[in-house]
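Tertiary structure, described
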Amino acid sequence: MSTQPGQQTDFGANEWLVYEIHQQYLKDPDSVSDAWREFLSDYSPGEGAAGGTATATPAPPAAPNGRAPQADAPAPA
């Protein structure tokens with residue numbers, strides 16, 4: 001799935017995960033799976049129809065095991 005210019009994507013409760021993977025992608029694109037690289041290559045968080053600016057979404061509390069989610073999770077459907 002890729003976003004079109006001016007199209008806002010709503011990931012609902014998974015928005016934090018996409019945010020975290022996007023941050024990792026910005027630091028090192030090769031650190032995420034091919035599917036995520038394809039999706040994130042034209043992804044602009046927070047860009048609505050009016051071309052608004054991105055806003056940071058706070059990360060949720062750490063999982064009970066204290067580990068962050070893995071960036072090689074399946075691409076969103």
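From a predicted model like this one, the values you see are computed outputs, not experimental measurements.

Here we come to the UniProt feature "domain: 2-oxoglutarate dehydrogenase E1 component N-terminal" (unreviewed entry) in the chain. According to UniProt, the "domain: 2-oxoglutarate dehydrogenase E1 component N-terminal" (unreviewed entry) feature falls on residues 11-46. Along residues 11-46 the backbone is 56% helical and 0% strand, and the end-to-end C-alpha distance reaches 11 Å.

This part takes up the side chain of His22. With respect to the secondary-structure elements, His22 resides in helix H1 (residues 15-27). Residues in contact with His22, not counting those within four places in the same chain, are Leu40, Tyr43 and Pro45.

Let us now look at the packing of aromatic side chains. Tallied over the entire structure, the rule returns 4 aromatic pairs. Note on Phe11 and Tyr43: the rings are 6.1 Å apart at their centroids and 65 degrees apart in plane angle, and the pair reads as edge-to-face. Placement of the pair is Phe11 in the segment before H1 and Tyr43 in the segment after helix H2 (34-40), with a sequence separation of 32 residues. Neither residue differs from the other here; Phe11 and Tyr43 are each classed as buried. Plain terms: the ring middles of Trp36 and Phe39 are 5.8 Å apart, the flat faces sit at 85 degrees to each other, and that makes the pair edge-to-face. Here the residue Trp36 and the residue Phe39 both occupy positions in helix H2, the gap between them amounting to 3 residues, near one helical turn.

To continue, consider H1. In an α-helix, one turn spans 3.6 residues, which is why side chains three or four residues apart end up on the same side. Compared with the 18 Å implied by 1.5 Å per residue over 13 residues, the 19 Å span of H1 between its first and last C-alpha is a close match. Within H1, burial applies to Leu17, Val18, Ile21, His22 and Tyr25. What you see down the axis of H1 is that its buried residues fit within an arc of 135 degrees, all on one side. Projecting away from the buried face of H1 at angles above 90 degrees are the exposed residues Leu26 and Lys27.

So, about the environment of Asp10. Tracing the backbone through its elements, the reader meets Asp10 in the segment before H1. Sequence spacing of Asp10 and Gly46 is 36 residues, and the spatial spacing of their C-alpha atoms is 9.5 Å. Within the structure, Asp10 has its side chain in polar contact with the backbone nitrogen of Gly12 (distance 3.0 Å).

Of the residues in the chain, 48% have a pLDDT of 70 or more, and the chain-wide mean is 71. Note on residues 1-7: pLDDT under 50 across the span, and 16 contacts to partners over four residues away in sequence or across chains. Confidence drops under pLDDT 50 across residues 47-55; counting only partners more than four residues distant or on other chains, this segment forms 12 contacts.

Conventions used here
Residues numbered from 1 in each chain as written. Predicted model: local features only at pLDDT ≥ 70, side-chain atom pairs only at ≥ 80, totals over all residues. Heavy atoms only, no water. UniProt positions renumbered as here; feature names shortened; annotations may be inferred. Helix = DSSP H or I, 4+ residues; strand = E, 2+ residues; numbered from the N terminus. Contact = heavy atoms within 4.5 Å. Phe/Tyr/Trp six-rings, centres within 6.5 Å; stacked < 30°, edge-to-face > 60°. Buried < 20%, exposed > 50% of the residue type's maximum accessible area, 1.4 Å probe, protein only. Expected span 1.5 Å × (residues − 1). Arc of directions from axis to C-beta. Polar contact = N/O pair within 3.5 Å; in protein donor to acceptor, adjacent residues only side chain to side chain. pLDDT = per-residue confidence, 0-100.

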